[in-house]
Amino acid sequence: MIHVCSLARLHETVEQTGARHVITLLKDTDLVQRPCGIILENHLILGMDDITGPLEGYVAPADEHVTKLLNFVRGWNRAAPLVIHCYAGISRSTAGAYVAACALNPRRDELAIARTLRRASPTATPNHRIVALADRALGRGGRMTTAIEEIGRGVMAFEGDPFRLDVE
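Not measured: the values here are computed from a predicted model.

Analysis parameters
- Residue numbering note: each chain is counted from 1, following its sequence as written.
- For a predicted model such as this one, the threshold for reporting local features is a pLDDT of at least 70, and the threshold for listing and counting side-chain atom pairs is 80 or more; totals across whole chains, interfaces and linings nevertheless cover every residue.
- Just so you know, side-chain values use all the structure's heavy atoms and leave hydrogens and water out.
- In plain terms, two cysteine sulfur atoms within 2.5 Å form what is called a disulfide here.
- We define a salt bridge as a contact between a side-chain nitrogen of Lys or Arg and a carboxyl oxygen of Asp or Glu at a distance within 4 Å.
- In this scheme, a residue with accessible area under 20% of its type's maximum is buried, one over 50% is exposed, and one in between is partly exposed, where area comes from a 1.4 Å probe on protein chains only.
- Strands here mean DSSP runs of E at least two residues long; helices mean DSSP runs of H or I at least four residues long; both are numbered from the N terminus.
- The span expected for a helix works out to 1.5 Å for each residue beyond the first.
- Within the patch definition used here, like charges are joined within 9 Å and nonpolar side chains (Val, Leu, Ile, Met, Phe, Trp, Tyr) within 5 Å, considering only residues with over 30% relative accessible area and no salt bridge.
- To measure how exposed things are, a 1.4 Å probe is used in the Shrake-Rupley method; for residues, cover is taken only from the protein chains shown.
- When DSSP finds two or more bridges between two strands, those strands count as paired.
- Here, axes are lines fitted to C-alpha atoms. For helices the fit covers the stretch in contact, and angles between N-to-C directions go from 0 to 180 degrees.
- Comment on the angle field: the value is read as roughly parallel under 35 degrees, roughly antiparallel over 145, roughly perpendicular from 65 to 115, and oblique elsewhere.
- We call a crossing left-handed when the near helix sits turned anticlockwise from the far one by less than a right angle, and right-handed when that turn is clockwise.
- Pairs of residues are marked as contacts when any of their non-hydrogen atoms sit within 4.5 Å.
- Just so you know the grouping, Ala, Val, Leu, Ile, Met, Phe, Trp, Tyr, Cys and Pro go in nonpolar, Asp, Glu, Lys and Arg go in charged, and all remaining residues, Gly too, go in polar.

A. Seen up close, the state of the cysteines. Applying the stated criterion across every chain yields a total of zero disulfides. Distance from the sulfur of Cys102, which forms no disulfide, to the nearest cysteine sulfur (Cys86) is 17 Å.

B. Geometry of the pattern of salt bridges. Following the criterion strictly, the structure yields eight salt bridges and no others. As a salt-bridge pair, Glu12 and Arg9 come within 3.3 Å of each other at their nearest N and O atoms. With a relative accessible area of 33%, Glu12 lands in the partly exposed category. Of the charged contacts, one joins Asp166 and Arg164 as a salt bridge, the two residues approaching to 2.9 Å between their closest N and O atoms. It is possible to trace a salt-bridge network through shared partners that takes in Glu110, Arg140 and Arg143.

C. Geometry of helix α3 (residues 92-104). The terminal C-alpha atoms of α3, which comprises 13 residues, lie 18 Å apart, in line with the 18 Å expected from a rise of 1.5 Å per residue. Counting buried positions along α3 yields 13 of 13 residues, so the element is predominantly enclosed.

D. Local environment of a nonpolar patch on the surface. A cluster of nonpolar side chains, namely Leu31, Tyr87 and Phe158, defines an oily patch on the protein surface of about 390 Å² accessible area. Mapped onto the elements, Phe158 comes out in the loop between α6 (143-151) and β5 (163-165).

E. Structural detail: the pairing of strand β2 (residues 21-25). Burial runs high along β2: five of the five residues are buried. Burial along β2 is two-sided: the residues His21, Ile23 and Leu25 and Val22 and Thr24 are all buried. Two elements, β2 and strand β4 (residues 82-86), share four bridges in a ladder whose sense is parallel. By the bridge assignment for β4, His21 is matched with Leu82. In terms of strand pairing, β2 meets strand β3 (residues 43-46) through four bridges, oriented parallel. Considered in β3, the bridge of Ile23 is made with Leu44.

F. Focus on the packing of α3 against α6. Relative orientation of the contacting elements α3 and α6 amounts to 135 degrees, with a least axis distance of 12 Å. As far as their axial angle goes, α6 and α3 are oblique. Every pair of crossing elements has a handedness; the one defined by α3 and α6 is right-handed. Of the residues in α6, those touching α3 at Tyr98, Val99 and Cys102 are Arg143, Met144, Ala147 and Ile148. Classifying every residue of the contact of α3 with α6 gives six nonpolar, no polar and one charged.

See below:
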């Protein structure tokens, strides 16, 4: 299973879930201290801002970020949970969780996964650029992007509550 949280709840979430893999989607990676029990090889750090297009002085999510995310998720053995986090646990991390669920379930309907995400987190507002790049990389023909548009923007919040997204 995949757990999603904010940076502030990372250590607590890893400890409570017994996770052994972590994905960080955060520009200021120096803010991240690897949780105990997570070895270097099991921690993917993707440095990016929460933006949906190029902006001077910022790092937009890019194909290379999504490729690394997909490779890491496909290499996860699922013996223990995976935690995906960003700064607030609302946009980049929820996009990462959605992308992971789609990648690990190539035959599962994109809208069904998006609706499961919405039920798990009323604040989830997946970063559209991450979703669009993954949609193309996974050959989903725009269905991932459309599904996220269908569930709409989440409830406004400063920080999302940690939640679980079952892979199957």
